[in-house]
Amino acid sequence: MSPRIVVAGAVTSVDNRLLLAQRRYPATVAGLWELPGGKAEDDEDVKFALRRELREELDVGVEVGERLAETVALSDDLTLIALWARITDGVPRPVEHSRLRWVTAEELDKMVAGHQLVPADTVWVPELSGVLRRA
Ligand code: 523
């Protein structure tokens, strides 16, 4: 069987900030920050899956763009990808996370240095901070 896909949203604002969400569970990553998202259903288009997950988790509508370059093998049966996204309706609120934050490139780099991101998501940091810095 092919691995299941986990989709994560690199949600950016017009003022070049990135939306991070603080996980509540499991204990190994509780308190750490991630790009919000979740598992795609079998045969679900990844853009559709991300729109569904961000509606469930943040209560917003998003327009989904391109994939980020890196793919992460979380395990034999779970593969994590990220897609750029913009909010098109609503103001995000933490339905399933404990908190949300809009961070600048500088703040993102500090959080990475302080090991505040979930480990898998750190692969995207060079691409994320490059795009956030490109005003
Ligand atoms: N990650 C991850 N980074 C990241 C996300 C959205 C997910 O490393 N930005 C990992 C965490 C879990 C797996 O991907 O190992 C599934 O993510 P999760 O738990 O957010 O997905 P759900 O909510 O669809 O999964 P269930 O709670 O199991 O239904």
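What you see as residue numbers is a count from 1 along each chain, following the sequence as written. Owing to the predicted nature of the model, reporting of local features is limited to residues with pLDDT of at least 70; listing and counting of side-chain atom pairs is limited to 80 or more, with chain, interface and lining totals taken over all residues. Side-chain descriptors were evaluated using all non-hydrogen atoms of the structure, hydrogens and water having been removed beforehand.

Let's talk about the sheet that holds strand β3 (residues 33–34)
Logical step 1: At least two bridges found by DSSP between two strands are what make those strands a pair. For the purposes of this entry, the term helix denotes a DSSP run of H or I that reaches at least four residues, the term strand denotes a run of E that reaches at least two, and both are numbered from the N terminus. Spatially, the three strands line up as an open sheet ordered β3-β2-β8, and their pairing is antiparallel. Edge positions in the sheet fall to β3 and β8 (99–103), since each of these pairs with one other strand and no more.
Logical step 2: Summarising the sheet, strand β2 (residues 18–22) and β3 pair through two bridges and their orientation is antiparallel. Looking at β3, one finds that Ala21 is bridged to Glu34.

Notes on the environment of Arg99
Logical step 1: With respect to the helices, strands and loops of the structure, Arg99 is situated in strand β8.
Logical step 2: Taking relative accessible area as the criterion, Arg99 reaches 47% and is therefore assigned partly exposed.
Logical step 3: Linking Arg99 and Leu54, residues 45 residues apart in sequence, is a C-alpha distance of 14 Å. Using a 1.4 Å probe on the protein chains alone, a residue whose accessible area is under 20% of its type maximum counts as buried, one over 50% counts as exposed, and one in between counts as partly exposed.

Structural notes on helix α1 (residues 46–58)
Logical step 1: One fewer than the residue count of a helix, multiplied by 1.5 Å, yields its expected span. The terminal C-alpha atoms of α1, which comprises 13 residues, lie 17 Å apart, in line with the 18 Å expected from a rise of 1.5 Å per residue.
Logical step 2: Among the residues of α1, those classed as buried are Ala49, Leu50, Arg52, Glu53, Leu54, Glu57 and Leu58.
Logical step 3: Residues count as neighbours in contact if any of their non-hydrogen atoms are within 4.5 Å of one another. Looking at the buried side of α1, the elements it contacts are β1 (4–11), β2, β4 (37–39), β5 (61–67), β7 (78–89) and β8.
Logical step 4: Polar contact is the term for a pair of N or O atoms within 3.5 Å; when the atoms are in protein, one must be able to donate a hydrogen and the other to accept it, and sequence-neighboring residues count only if both atoms are side-chain atoms. Capping of α1 at its N-terminal end is provided by Asp45; its side-chain oxygen lies 3.1 Å from the backbone amide nitrogen of Lys47.
Logical step 5: Positive phi shows up at Asp59, right after α1, with a value of about 60°.

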